[in-house]
Amino acid sequence: MLERLVSFTVFGLFIFAPVVANWWQFPLSDWYLQYFIWLVLIALCYWIQLSERDKSGHG
Amino acid sequence: MNFGLWQLFSIGFVYLSALFGLAYATDKGWIPQKVVQHPAVYVLSLGVFAGSIAFYASVHLAYHYGGGYLLYFAGASAVFLVSPLLLAPLKRIAKTHNLGSLADVFAFRYPTPWTGGVVATLMLIGVLPLIALQIQAVSVTIHILNQEFSQDILAITFCFLITLFAMLFGARHLSIREKHEGLVMAIALESVTKLLAIATIALFSLYSVFGGMDDVSTWLVENLDLLRSQEVALTHGQARSLLLIFFAAAIGLPHIYHMGFTENSDASALATARWGFPLYLLYFSLCIPPILWAGLKLNVPTEPEYFILGIGMSSQNDFITMLGFVGGLSAASSILIVITPALASMTLNHVILPIYRPGTSVRIYLRLLNMRRALIAAIILAGYGLYRTLDVNQNLISLGIVSFVAVLQFLPGLAGTFLWRGANRNGFIAGLIAGFLVWFVSLMLPLLNDIFSNMQITAVPLLYDLNETVWHKAVQLSLGANLMTFVVVSYLTSTTPEEQKAADACLAAPNRPSHRRELEASSVHEIKQSLAMALGRSVSDREVDLALAELRIAVDEQRPYALYLLRDKMERNLSSMLGQTIAHRIIGSFLPYKDDSSSTFTENVYEFESRIEEYQTQLTGLAAEVDSLRRHHRQTLQELPTAVCSIGVDGEVLTWNHAMTQLTKLESDAIVGSPSKAIDEPWLSLLTEFSEQDVTHVLKKRVETGDSTRWLNLHKAAIEESISRQDNLVIVIEDITENQVLEDKLLHSERLASIGQLAASVAHEIGNPITGIACLAQNLKLETDNAEMKEMSDQILDQTERISAILQSLVNFAHSGQHAIHPMLPVQINQVVTEAIQLLALSPKYKGITFINQCDANLFTNGDSQKLCQVFVNLLNNARDASKPDDNILITSQVDSNKAIIEIVDEGHGIPSSYIGKVFEPFFTTKGPGQGTGLGLAIVYSIIEEHDGEIQVESPVSDNNDQSNSGTKVTIVLPRYHHRTDLYADLNARESGPFISIKT
């Protein structure tokens, strides 16, 4: 489930690459949003690693 | 501000010396392995990706495209965020087949003699601009800091130092099996250095150039027009193109592959890098905007890509300026230090070695290493040459993008490797060439224009300058041409079986078991000899011994399956040393398979199974359920209590389950994969004869296994192989030895029972006339006064008594085993033994033998006291018969939790060992005629069994003190009865003591 979420988000990044690239063309108040999405993806991957480690530990 | 040359040189020298020192200390083992192997080191070593483009040119990207600079970091991060799609399979295949470069991967997946060469050449050409830009970045920064000295001289000095480092620490080992830990640690240090440098400069920008975050916000609002006047909005296509090339760069650049897969093969490290590397790039990218804004605020005179240096210079802050210089130096040097050994290795294995063979001398390793070192120098020299001939005004990002678009051309082939089984070598090479042609025309020619114009050659017209429109079109056209050609040619041309096998290995799709063929070499020795022709004797011996050790195969191994594994392993090991192309060629030429006509194809069930085992964690849905079912059946077969083996059409043992191992004492690890003729006797004869017979069942087959005899039922069935349509043979062996022994015992018991019945009826029939004879003899004695007649009557009476005694023994034996004749009550062992001794004392024979009863007075068993008394009478009588005058017979007892153990030890002549096993058989006696019936011990045995006890005879007695090798010890074990002390206190009180000695 988490794997799919990460994959779809990264695929979405490709689709919305122009929006990300031109973010600064718009109001600067939301500048942190793209970094936040990036951080969430990193956290998800960390979560996946932890859950897989638990799984292999119990397996 | 102008830094002194010696100042710059000293800083650079100190920094590079620190790198050398760390690498040296790591290689020497001075750094703990816990640190060297830490996943954080792996993640930081991947920071090699952040070279001069990340450190310098990303500010330029932000200056021109605003938030578009993030595409560089996002594209690289995306590769790791979705690592299960591409990186994980790439790492798996690289580790499994020892593939040390992308050229090796493509040569493995799309096997032709020239695949590796084409990839290596195009990679080398494509990556040269990236090498040139690193040299340019360092030389320009030094020139910015010291404008009095020629930047070309500085550049060549830098190149020399980097070449030295790459030779020393990047080419220490020939094989990728041996890791360059010093190099990895040095690159990790470089990643930390550049991150710390850029973070410090960013913080300086925020809190020194600006007055904090609020000040930045205010400045941004006030200078929004200034910012936007510089920015160019990227079109959708341009943005996606940039994202795509940065994505491809992070997976295809040689230095990323080298640090990610060659220097580290631990799969768990990739899981950490999946979030660790994007986090590293996130930190890096967060530093770019403050630096850009500070540069604009300070109106730094340098180009935007060198704002990092300009901020310190404009602020008159030497420390910040030096940080910018050291950070840039570390960013450029890290890429060069890794990319050059990686390219050198790729070029050597796929371009040089297919043309030039270094011979077969002992020094081949050293020669190959030296060739690699020479190539490192040549590649850096080529990069320097390109830098020298390029227009210095060509910005870093333009140069970088030229290389990145070149690397992008490998993406379709890579995707096909792991996602498309139908992709073939023709499509890959055609697509690659098509893509590179477009790349060359659209991106490389403008660079060449620079070169030609610098060389005053005007014949070549100036086509266009590199700009964002050109990049975008180059990406679209080259990738489009590549993809189209790849797909169309792959569809139109055929795929070889070798390619299909490689595709299966890459796709982790064990659709079917592969064929296994027999090698021409039939032993390890022959393999060594064959390889010696290509590699030389010493190298061949060393490599084969290494492979044997890794596979844990003995040097005398002859099993076809093991030799097949060895061949496979050798190819992988040689691949790590010489590259996939050469390894494949050497192994194919010198370790060939037998001709198809003479060799039998067999399904390689082991390889198939081991592949499925490897893929277990990757299977999902129906495949996982089917695999679970397979495991269940496999386990059932292995744990089946009946012995099962199967033999392939080529006579090789395919299955040998646990019960078969137990039966034959032959380990399955040693047997499976062997030709059936390698099985030890008597099993070889048994299996061979049975498999050749027309019958499908053989019952009660007697087999002598050396120390014992076994009876076996054999069954067989033929199983058709799915590929060859020939029959494998499955043989099931039932071990019925225990049943047979029980059957024999039952027959014996029935025979004894018949004898018992016969004895009872005989006793009954003879008893009546004997009674008559005894009566008549008694009458005769009473009615005559004749002394002679009286004596004869007495003799008749004696003889009839004797006959009666014999008959009584027969009757007792016939009745023994019939339960519940007498009630089972607590019996005091000591008392029963005493009674038995007293009975024996009545006999006038054998004077002078002493019975010593040392049985514990508190020891009880549950049983029939009369029968137990008979047991002791019989045993003590036998002991007395065997004893000499004045001997002692000792009766002792022991207690073992719930058991009462009674031992009767005499000092007599003992029992011959050959008779020990027979003494309890009925009618067996060693006494002379008329002295014994042979039923005494048989009765004893029956009574003890009736009491759930055991009896054993030992002769001679091992603990006999006089060492005379004589005496007999009879040990009786009976269930112990735990009585209540109050109830039996009176019984105990009757005893005078625990030990009784009676002399007869």
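As the structure is a prediction and not an experimental result, all values here were calculated from the model.

Chemist: It is not clear to me how the overall build of chain A should be interpreted in this structure. Could you clarify?
Modeler: Along chain A, the regular secondary structure elements total three helices and zero strands. Helices (α) and strands (β) of chain A occur, in sequence order from the N terminus, as α-α-α. Relative to its 59 residues, chain A shows a buried fraction of 32%. About 4000 Å² of surface is accessible on chain A, with carbon and sulfur atoms providing 73% of the total.

Chemist: What should I look at first to understand the overall build of chain B in this one?
Modeler: Within chain B, the secondary structure is distributed over 40 helices and 15 strands. When each of the 1000 residues of chain B is scored for burial, the buried share is 54%. Taken as a whole, chain B presents about 43600 Å² of accessible surface, with 58% of it coming from carbon and sulfur.

Chemist: Any chance you could explain a nonpolar patch on the surface here in plain terms?
Modeler: Where nonpolar side chains cluster on the molecular surface, the patch consists of A:Trp31, A:Tyr32, A:Leu33, A:Phe36, A:Ile37, A:Val40, B:Leu203, B:Tyr207, B:Met213, B:Tyr283 and B:Leu286 and spans about 1100 Å² of accessible area. Broken down by secondary-structure element, the contributors of at least two residues to the nonpolar patch are α3 (33–58) of chain A together with α10 (181–209) and α15 (267–286) of chain B. A total of four residues in the nonpolar patch trace back to one element, the largest contributor, which is α3(A). With respect to the element layout, A:Phe36 can be found in helix α3.

Chemist: What should I look at first to understand the interface of chain A and chain B in this one?
Modeler: By a frequent convention, interface size equals the accessible area lost on bringing the separate parts together. Contacts between chain A and chain B engage 28 residues on the former and 41 residues on the latter. Interface of chain A and chain B: buried area, both sides summed, is about 2900 Å²; carbon and sulfur atoms make up 73% of it. There are zero salt bridges connecting chain A and chain B. For the pair chain A and chain B, the number of links is three residue pairs in polar contact (both at pLDDT 80 or more). Breaking the side of chain A that touches chain B down by element, the ones donating at least two residues are α1 (2–15), α2 (17–21) and α3 of chain A. A total of ten residues in the side of chain A that touches chain B trace back to one element, the largest contributor, which is α3(A).

Chemist: Would you take a moment to explain the packing of aromatic side chains for this structure?
Modeler: The way to describe two aromatic rings as a pair is by their centre distance and the angle between their planes. Tallying each qualifying case throughout the model produces 30 aromatic pairs over all chains. A centroid spacing of 4.8 Å and a plane angle of 80° characterise the contact between A:Tyr46 and B:Trp275, whose relative ring orientation is edge-to-face. Remark: B:Trp275 occurs in helix α15 and A:Tyr46 occurs in helix α3; the pair is interchain, linking two chains. With a centroid separation of 5.3 Å and an interplanar angle of 55°, the aromatic rings of B:Tyr56 and B:Tyr306 are classed as tilted. With B:Tyr56 in helix α4 (residues 52–65) and B:Tyr306 in the loop between α16 (288–298) and α17 (307–314), this pair connects stretches of sequence that are 250 residues apart. With respect to burial, B:Tyr56 and B:Tyr306 carry one shared label: buried. Sitting over the ring of B:Tyr593, B:Arg567 keeps its end group 4.3 Å from the ring centre. Directly above the ring of B:Phe690 sits B:Lys716, whose terminal nitrogen or CZ lies 5.0 Å from the centroid.

Chemist: Please clarify how the environment of B:Gly68 should be interpreted in this entry.
Modeler: Mapping B:Gly68 onto the fold places it in the loop between α4 and α5 (70–81). Taking relative accessible area as the criterion, B:Gly68 reaches 1% and is therefore assigned buried. Between the C-alpha atom of B:Gly68 and that of B:Glu231, which follows or precedes it by 163 residues, the distance is 9.7 Å. The contact partners of B:Gly68, leaving out residues within four places of it in the chain, are A:Ala21 and B:Leu234.

Chemist: What is the right way to read the confidence of the model for chain B from this model?
Modeler: The predicted coordinates ought not to be read in detail in places where the model reports low pLDDT. Residues and elements named next belong to chain B. Taken as a whole, chain B shows an average pLDDT of 82; of its residues, 86% reach a score of 70 or greater. Low pLDDT (under 50) marks residues 457–464, which in the prediction has 13 contacts with non-local residues, meaning those over four places away or in another chain. pLDDT under 50 marks residues 597–601. Its contacts with residues more than four places away, or in other chains, come to 14 contacts.

Chemist: What should I look at first to understand the packing of helix α11 (residues 213–222) of chain B against α16(B) in this one?
Modeler: Residues and elements named next belong to chain B. Contact geometry of α11 with α16 gives a least axis separation of 12 Å together with a crossing angle of 65°. Judged by the sense of rotation from one axis to the other, the crossing of α11 with α16 is left-handed. Judged by residue contacts, Asp-215, Val-216, Trp-219 and Leu-220 of α11 engage Trp-293, Leu-296 and Lys-297 from α16. In terms of residue class, the contact of α11 with α16 is made up of five nonpolar, no polar and two charged.

Chemist: Honestly, the pattern of salt bridges in this entry has me stumped. Any pointers?
Modeler: Where charged atoms from two side chains of opposite charge approach closely, those side chains can pair. Residues and elements named next belong to chain B. For the structure shown, the criterion picks out 16 salt bridges over all chains. In this structure, the salt-bridge partner of Arg-425 is Glu-499, at a minimum N-O distance of 2.7 Å. Separated by 74 residues along the polypeptide, Arg-425 in helix α22 (residues 425–454) and Glu-499 in helix α24 (residues 497–507) bring together distant segments of the chain. For Lys-569, the salt bridge identified is with Glu-550, shortest N-O distance 3.2 Å. In this pair, Lys-569 sits in helix α27 (residues 560–578) while Glu-550 sits in helix α26 (residues 537–551), placing the two residues 19 residues apart along the sequence. The class for Glu-550 is partly exposed, based on a relative accessible area of 37%. Overlapping salt bridges, with partners in common, bring together Asp-627, Arg-630 and Arg-631 in one network.

Chemist: Is there a simple way to think about a negative patch on the surface in this case?
Modeler: A cluster of acidic residues, B:Asp680, B:Glu681, B:Glu689 and B:Glu692, forms a negative patch at the surface. Its location among the elements puts B:Glu692 in helix α33 (residues 683–692).

Chemist: Would you mind going over the side chain of B:Ser478 with me for this structure?
Modeler: Mapped onto the elements of the fold, B:Ser478 is located in helix α23 (residues 468–492). If sequence neighbours within four positions are ignored, B:Ser478 has contacts with B:Val405, B:Gln409, B:Gly435, B:Val438, B:Trp439 and B:Lys473.

Chemist: So what exactly am I meant to see when it comes to the pairing of strand β5 (residues 697–704) of chain B here?
Modeler: Looking along a regular strand, one sees side chains alternate from face to face of the sheet. All names here are of chain B. In this sheet, strand β6 (residues 709–720) lies alongside β5 in antiparallel orientation, the contact comprising six bridges. Note that in β6 the partner of Val-703 across the bridge is Arg-710. Taken together, β5 and the strand that follows it, β6, pair antiparallel across an intervening segment of four residues, in which Gly-706 is found at a positive phi of about 95°.

Chemist: Mind showing me how you'd approach the side chain of B:Arg92 here?
Modeler: Residue and element names in this part refer to chain B. Counting through the fold element by element, Arg-92 comes out in helix α6 (residues 87–96). On the basis of relative accessibility, which here comes to 16%, the residue Arg-92 falls in the buried class. Engagement of the side chain of Arg-92 in a polar contact is seen with the backbone oxygen of Ala-505, the distance being 3.1 Å.

Chemist: What exactly am I supposed to notice about unusual backbone geometry here?
Modeler: For residues besides glycine, phi is generally negative; the peptide bonds are generally trans as well. Residue and element names in this part refer to chain B. Of note, the amide linkage connecting Glu-681 to Pro-682 takes the cis form, showing an omega dihedral of 5°. Looking at the secondary structure, you find Pro-682 in the loop between α32 (668–671) and α33. Following Ser-955, the chain continues into Pro-956 via a peptide bond in cis, with omega recorded as -5°. Checked against the element boundaries, Pro-956 lands in the loop between β13 (950–954) and β14 (968–975). Unusually for a residue other than glycine, Asn-299 sits at a positive phi of about 55°. When its relative accessible area of 64% is taken as the criterion, Asn-299 is described as exposed.

Chemist: Looking at this structure, how should I read helix α30 (residues 621–639) of chain B?
Modeler: Given 3.6 residues per helical turn, the α-helix brings residues three or four places apart onto the same face. All names here are of chain B. The end-to-end C-alpha distance of α30, which contains 19 residues, comes to 27 Å, matching closely the 27 Å that a straight helix rising 1.5 Å per residue would cover. Considered for burial, the residues of α30 that qualify are Asp-627, Arg-630 and Gln-638. Each buried residue of α30 lies within a common arc of 70° when the element is viewed along its axis, so the set occupies one face. Counted as exposed and oriented over 90 degrees from the buried face of α30: Leu-622 and Glu-625.

Chemist: Just checking my understanding: could you explain the confidence of the model for chain A for this structure?
Modeler: Averaged over all residues, the pLDDT of chain A equals 76, while 78% of them reach at least 70. Mean pLDDT across the secondary structure elements of chain A bottoms out at α2(A), with 74, and peaks at α3(A), with 83.

Chemist: Before we go on, may I ask you to explain the packing of α26(B) against α27(B) in this structure?
Modeler: When two helices pack together, their arrangement is captured by the angle between the axes and the distance separating the axes. Residue and element names in this part refer to chain B. Packing of α26 against α27 leaves a shortest axis separation of 9 Å and a crossing angle of 120°. The hand of the α26/α27 crossing is right-handed. For the pair formed by α26 and α27, the contact residues are Glu-543, Val-544, Ala-547, Leu-548, Glu-550 and Leu-551 on the first element and Leu-565, Leu-566, Lys-569, Met-570, Asn-573, Leu-574 and Met-577 on the second. Of the residues belonging to the contact of α26 with α27, the class tally is nine nonpolar, one polar and three charged.

Reading guide: rules and limits
Residues numbered from 1 in each chain as written. Chains lettered and ligands numbered in written order. Predicted model: local features only at pLDDT ≥ 70, side-chain atom pairs only at ≥ 80, totals over all residues. Heavy atoms only, no water. Helix = DSSP H or I, 4+ residues; strand = E, 2+ residues; numbered from the N terminus. Buried < 20%, exposed > 50% of the residue type's maximum accessible area, 1.4 Å probe, protein only. Areas by Shrake-Rupley, 256 points an atom, 1.4 Å probe, with all protein chains shown as cover. Patch = residues over 30% accessible without salt bridge, like charges linked within 9 Å, V, L, I, M, F, W, Y side chains within 5 Å. Salt bridge = Lys/Arg side-chain N within 4 Å of Asp/Glu carboxyl O. Contact = heavy atoms within 4.5 Å. Buried area = accessible area lost by both parts, 1.4 Å probe. Polar contact = N/O pair within 3.5 Å; in protein donor to acceptor, adjacent residues only side chain to side chain. Phe/Tyr/Trp six-rings, centres within 6.5 Å; stacked < 30°, edge-to-face > 60°. Lys NZ or Arg CZ within 6 Å of the ring centre and 35° of its normal. pLDDT = per-residue confidence, 0-100. Axes fitted to C-alpha atoms, helices over the stretch in contact; angles between N-to-C directions. Left-handed = near helix turned anticlockwise from the far one by under 90°. Nonpolar A, V, L, I, M, F, W, Y, C, P; charged D, E, K, R; others polar. Lys, Arg positive; Asp, Glu negative; His and termini not counted. Charge placed at Lys NZ, Arg CZ, Asp CG, Glu CD. Pairing = 2+ DSSP bridges. Expected span 1.5 Å × (residues − 1). Arc of directions from axis to C-beta.

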